[in-house]
Amino acid sequence: MKNQDLHHIVSDRLSIEQAARDIYDAYIKHETCEPIRRHLAARDIAGAYAVQEANTVRWLSEGRRLTGRKIGLTAKIVQKNAGIDQPDYGMLFSDMEIADGDTIPEGTLFQPKAEGEIAFVLERDLTTENPSLAEVVRATAYALPALEIIDTRIANWDLDIVDTIADNASSGLYVLGATPRKIDQLDLQMCGMVIEKNGDPVSFGAGIACLGHPLNSLRWLARTMVRLGRPLHAGDVVMSGALGPMVRSFDGEYLEARISGLGSVGVQFGARKH
């Protein structure tokens, strides 16, 4: 779907509400659900974001705290396979953050996969409708190495782009490293990334895989968020999108991502096996 209009919703209100309820119930009951695309018009990207927004509003009203955003589908080949021409986004909540080196208890996630990413932390609001790259750079306090733990409430990963977006862009958890770096100290485009699983390298990538440059990804998000009425603010964390292929993750595994110039970040899935 080219040049998709994020404002033009095809599905009716009751269908969007039912899809949002399916996702919400799966989250609350900690269970998977059938694909929600069955409720929406085919390829209704704006409708999928309306589902995501309905649950965001509900979760905020129930006390969850918004801490930032995640960007997905930043690789051109992935966009082509999904039939779209831009990334997607989801919300980061405070209860999704796992400390560097901590353990994710068994049973927390359904079917997790991990990506090595760069996390940008803002020190200024980005409320300009079409921010320049210079404005994005000025608004960024520092960058951190990060792992995004992707998960989905949709059973058996039976999802298309509509299911992904509606399910908060398949958000699970995120892990931030503790080595902040000013971005003028980094070659964000060419920085290399490796994910190791129990010490064995399993994924390789670089900043260029993320829309050609991770700051392009951040600029796209800032522009999109202003247009949709949820602009980025000082203190927000923004996950850049993947620097390399995602990695399937299982209990008993320790995953560590290392990004040149930024350092490392790791997380344990379930109890460590000996």
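Summary of the structure given here. In this numbering scheme, every chain counts its residues from 1 along its sequence in written order. Where local features are concerned, this predicted model is filtered to residues with pLDDT of at least 70; where side-chain atom pairs are given and counted, the filter is 80 or more; whole-chain, interface and lining totals use all residues. To obtain the side-chain values, all non-hydrogen atoms of the structure were included, while hydrogens and water were left out.

Details of the packing of aromatic side chains
No. 1: Any two rings among Phe, Tyr and Trp, with Trp reduced to its six-membered ring, count as a pair given centres within 6.5 Å; such a pair is stacked if its planes are under 30 degrees apart, edge-to-face if over 60, and tilted if neither. Within the structure shown, the criterion is met by four aromatic pairs.
No. 2: When the centroid spacing of 5.9 Å and the interplanar angle of 80° are considered together, the rings of Trp59 and Phe93 count as edge-to-face. One end of the pair, Trp59, is in helix α2 (residues 45-61); the other, Phe93, is in strand β2 (residues 88-93), with 34 residues separating them in the sequence. Across this residue pair, the class does not change: Trp59 and Phe93 are buried. Secondary structure follows DSSP: runs of H or I at least 4 residues long count as helices, runs of E at least 2 residues long count as strands, and numbering of each begins at the N terminus. When a residue's accessible area, from a 1.4 Å probe over protein chains only, is under 20% of the maximum for its type it is buried; when over 50% it is exposed; and in between it is partly exposed.

What to know about unusual backbone geometry
No. 1: Phi angles above zero are rare outside glycine, and His30 is one such case at about 55°.
No. 2: Mapped onto the elements, His30 comes out in the loop between α1 (13-29) and α2.
No. 3: Of note, the phi angle at Asn198 is positive, near 50°, even though the residue is not glycine.
No. 4: In this structure, Asn198 sits in the loop between β8 (192-197) and β9 (200-206).
No. 5: Given the relative accessible area of 45%, Asn198 is considered partly exposed.

Some remarks on the sheet that holds β9
No. 1: Strands sit in the order β4-β13-β12-β8-β9 across an open sheet of five strands; the sheet is mixed. For this open sheet the edge positions go to β4 (103-104) and β9, each flanked by a neighbour on one side alone.
No. 2: Two strands are counted as paired when DSSP detects at least two bridges linking them. Sheet analysis places strand β12 (residues 254-259) next to strand β13 (residues 263-269), joined by six bridges and oriented antiparallel. Bridging across to β13, Ile259 finds its partner in Gly263.

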